[in-house]
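One-letter residues, chain by chain:
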Amino acid sequence: MEKKTAIIIGAGPAGLTAAYELLKKSDIHPIILEESHAIGGISQTVDYKGNRIDIGGHRFFSKIKSVTDLWEEILPTQGAPSIDDKILSREKPLVAGGPDPEKTDEVMLIRTRVSRIYYLRKFFDYPVSMKAQTFKNMGFRRTVKSGFGYMGSAIFKRKEKNLEDFMINRFGKPLYGMFFEKYTEKVWGRHPRDIDASWGAQRIKGLSLFKALGNILAKPFRKKNAKVETSLIEQYAYPKKGPGQLYETMAKRIVEMGGTLILDAKVDHIGFDGKAITFVEATTPEGKKSFVGDYYFSSMPLKDLFLSIGEASIDSEAYRIATSLIYRDFITVGLLLKKLKIQNQTKMKTLNNLVPDCWIYIQEEEVKLGRLQLFNNWSPYMPKDPLNTVWVGLEYFVNEGDELWTMPEKDFIAFAIHELALTGIIDANDVLDSVEIKIKKAYPAYFESYKEIDKVIAVLNTIDNLYCIGRNGQHRYNNMDHSIMTAMEAVKVILNPESSDKSLIWKVNTEKEYHEKADAKKAQ
């Protein structure tokens, strides 16, 4: 009997997981088509002269056991301290018998999560805390105003018609205005009132000022495995050489297990006979090729999926909605520095007394810079020389074709250096080297035709052999773990002859406690 084949579009976390799960659990042969030359999608790691860039910053943390088990299977957790923990005598929850990061690269590190807001040239905790330092930084007037604003939001709840309503309900209008309103506009290029409230449910579900305060008060009494909101976690796992390392390792295993991976393979056309996908045509390094399979997984942007199928071949209303979906694009500027200008004023020990943040939200309104990644703190193995240099990433949220996107690379890097120096974080004279990286369709947007996306999903679920997975494949701003889970659910549907309910794939991260409860029951 001839083996069945699965054509998988995209070698990001979801596409690779689909291939890996099929190879482990069936005799279905996966063929992965990846448009670029990089593995991992937006979770890739870019190597610039030995300095590694994590595109967007990716914490490996999940409440879903099957996902954490997968990560552990690919890269086991460290059993000995990393170079910075060793030098600073920092203790971490090491795994007995786990690999030593000083002796091998195939290891997952345990890192401490610190991310703060930089506003008024001062640091504020993120999520916003109710510590004395927060009130001191805000000043008496802002603090009183914020307190009354939060109490008002707790009593008079808004109907959540948009993201503005969602955030005000959880933080109060003054704090929303200080810490969320302008930053959200930086990220999305739209005011929060123009963004669907489901974005908040997707990304900051369950988080509020009340929860943040409760977390502080409950911390001394919390059991080891007690549930904590994702945005409040204090430690996370991280591959020694960045997130792309895990997915590159997974891709290597997929090929070793018999799967096929084709890089630089751009999907141009998808055949559809009205009931099922019949073939995928792609431009590869060897020219145009057609790929025929029994199953088709798509992690390509929904917009591109419909464009590849063609308006004449699919429901016209669904085509209109899908091809009108909006995306936010992304530019990172990597800067190699002698040092930062700002000082570490925390009690946390770091190499060269660097500020302890993994990333910093830049709230200052006079700059377009959105976030600053400090790769030394993600992993001491990200910079080539962590003892003598600081390796950072300046993140800009843009639209393909806009003023920033089309700016010549040299000019944009100069612009980014000027902005970071303007905030007081660096001295421009301390820049040793720089690089610019652009990522298209990094963030699926929750406005414009998104409000009608259920019509698109309904049509896609009628296509017998098509499974949409991952962030862009579902046009959902999922974290890595939920993107991976969509692939796991899709494979389950294929391998379980009694289940053909593809709606389960779309329910990942849409229902409160989804999978966390299910996995907890399995663990009992």
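Residues numbered from 1 in each chain as written. Predicted model: local features only at pLDDT ≥ 70, side-chain atom pairs only at ≥ 80, totals over all residues. Heavy atoms only, no water.

**Student:** Sorry if this is basic, but what is going on with the sheet that holds strand 12 (residues 287–291) here?
**Tutor:** Sheets are built from strands paired through backbone hydrogen bonds, the pairs being either parallel or antiparallel. Strand order in this open sheet of 3 strands is 10-11-12, and the pairing throughout is antiparallel. Looking along the sheet, the strands with just one partner apiece sit at the ends: strand 10 (266–272) and strand 12. Strand after strand, the sheet turns through a mean of 20° between neighbouring axes, direction not considered. In this structure, strand 11 (residues 277–284) lies alongside strand 12, joined through 5 bridges in antiparallel fashion. Counted as the bridge partner of T284 is G287 from strand 12. (Pairing = 2+ DSSP bridges. Helix = DSSP H or I, 4+ residues; strand = E, 2+ residues; numbered from the N terminus. Axes fitted to C-alpha atoms, helices over the stretch in contact; angles between N-to-C directions.)

**Student:** How should helix 16 (residues 409–422) be read in this particular structure?
**Tutor:** Helical geometry note: an α-helix holds 3.6 residues per turn, so side chains three or four residues apart project in the same direction. With 14 residues, helix 16 ought to run about 20 Å at 1.5 Å a step, and its terminal C-alpha atoms sit 20 Å apart, in line with that. Where helix 16 is concerned, the buried positions are F412, I413, A416, I417, E419 and L420. The buried residues of helix 16 occupy an angular sector of 160° when projected down its axis, which confines them to one face. For helix 16, the exposed residues set more than 90 degrees away from the buried face come down to K410 and H418. On its buried side, helix 16 packs onto strand 14 (327–337), strand 16 (371–374), strand 17 (390–398), helix 15 (403–406) and strand 18 (431–444). (Expected span 1.5 Å × (residues − 1). Buried < 20%, exposed > 50% of the residue type's maximum accessible area, 1.4 Å probe, protein only. Arc of directions from axis to C-beta. Contact = heavy atoms within 4.5 Å.)

**Student:** Which parts of the structure should I look at to understand the nonpolar core?
**Tutor:** The nonpolar side chains of soluble globular proteins are, as a tendency, buried together. F179, F297 and L460 are the most contacted members of the largest nonpolar core, which has 127 residues in total. Among the elements that line this core, the one with the most residues is helix 19 (residues 480–495), at 9 residues. (Core = buried A, V, L, I, M, F, W, Y, C linked by side-chain atoms within 4.5 Å.)

**Student:** Where do I start with the packing of aromatic side chains in this structure?
**Tutor:** Two aromatic rings are characterised by how far apart their centres lie and by the angle between their planes. Following the criterion strictly, the structure yields 28 aromatic pairs and no others. Between the aromatic rings of W188 and Y443, the centroid separation amounts to 6.2 Å while the plane-to-plane angle is 75°, which identifies the pairing as edge-to-face. In this pair, W188 sits in helix 8 (residues 181–188) while Y443 sits in strand 18, placing the two residues 255 residues apart along the sequence. Y443 shares its class with W188; the two are buried. Where F412 meets F415, the ring centres are 5.9 Å apart and the plane angle is 45°; that geometry is what we call tilted. (Phe/Tyr/Trp six-rings, centres within 6.5 Å; stacked < 30°, edge-to-face > 60°.)

**Student:** Is there a simple way to explain the pattern of salt bridges in this structure?
**Tutor:** Pairing between side chains of opposite charge can happen when their charged atoms approach one another. Inspection of every chain in the model, using the stated rule, returns 32 salt bridges. In this structure, R121 and E366 form a salt bridge, with 2.7 Å as the shortest nitrogen-oxygen distance. Of the two residues, R121 sits in the loop between strand 6 (115–119) and strand 7 (122–125) while E366 sits in the loop between strand 15 (359–362) and strand 16, which places them 245 residues apart along the sequence. Looking at E366, the relative accessible area reads 43%, which means it is partly exposed. Of the charged contacts in the structure, one is a salt bridge between D304 and K441, with a shortest N-O distance of 3.8 Å. You can see D304 sitting in helix 12 (residues 302–309) and its partner K441 sitting in strand 18, a full 137 residues away along the chain. One salt-bridge network, in which partners are shared between bridges, spans D84, D85, R90, K92 and R111. (Salt bridge = Lys/Arg side-chain N within 4 Å of Asp/Glu carboxyl O.)

**Student:** What is the right way to look at the packing of helix 1 (residues 13–25) against helix 19 in this model?
**Tutor:** Two packed helices can be described by the angle between their axes and the distance between those axes. Where helix 1 meets helix 19, the axes come as close as 8 Å, and the angle between the chain directions of the two elements is 35°. Classified by chirality, the crossing of helix 19 by helix 1 is right-handed. For the pair helix 1 and helix 19, contact is made by P13, A14, T17, A18, E21, L22 and K25 and by M480, S483, I484, T486, A487, M488, V491 and L495, respectively. Classifying every residue of the contact of helix 1 with helix 19 by side-chain character gives 10 nonpolar, 3 polar and 2 charged. (Left-handed = near helix turned anticlockwise from the far one by under 90°. Nonpolar A, V, L, I, M, F, W, Y, C, P; charged D, E, K, R; others polar.)

**Student:** Can you walk me through the sheet that holds strand 18 in this structure?
**Tutor:** Strand order in the open sheet made by the 7 strands is 7-6-15-16-17-14-18, with mixed pairing throughout. Strands with a single pairing partner mark the edges of an open sheet, and in this sheet they are strand 7 and strand 18. Between one strand and the next, the sheet's axes are offset by a mean angle of 25°, whatever the strand orientation. Of the pairings in the sheet, the one linking strand 14 to strand 18 comprises 10 bridges and is antiparallel in character. Residue pairing for strand 18: L337 is matched across the bridge by V431. Packed onto the sheet, helix 8 meets strand 14, strand 15, strand 16, strand 17 and strand 18 and runs at close to 100° relative to strand 14.

**Student:** Where do I start with helix 6 (residues 163–171) in this structure?
**Tutor:** Of all 9 residues making up helix 6, 8 are buried, and the element is well covered by its neighbours. By the burial criterion, the buried members of helix 6 are L163, E164, D165, F166, M167, I168, N169 and F171. For helix 6, the N-terminal cap is N162; the gap from its side-chain oxygen to the backbone nitrogen of E164 is 3.1 Å. Backbone geometry just after helix 6 places G172 at a positive phi near 85°. (Polar contact = N/O pair within 3.5 Å; in protein donor to acceptor, adjacent residues only side chain to side chain.)

**Student:** What is the right way to look at the pairing of strand 11 in this model?
**Tutor:** Side-chain positions along a regular strand alternate between the two faces of the sheet. Pairing of strand 10 with strand 11 involves 6 bridges; the strand directions are antiparallel. By the bridge assignment, G271 is partnered in strand 11 with F279. Linking two consecutive strands that pair antiparallel, namely strand 11 and strand 12, is a turn of 2 residues.

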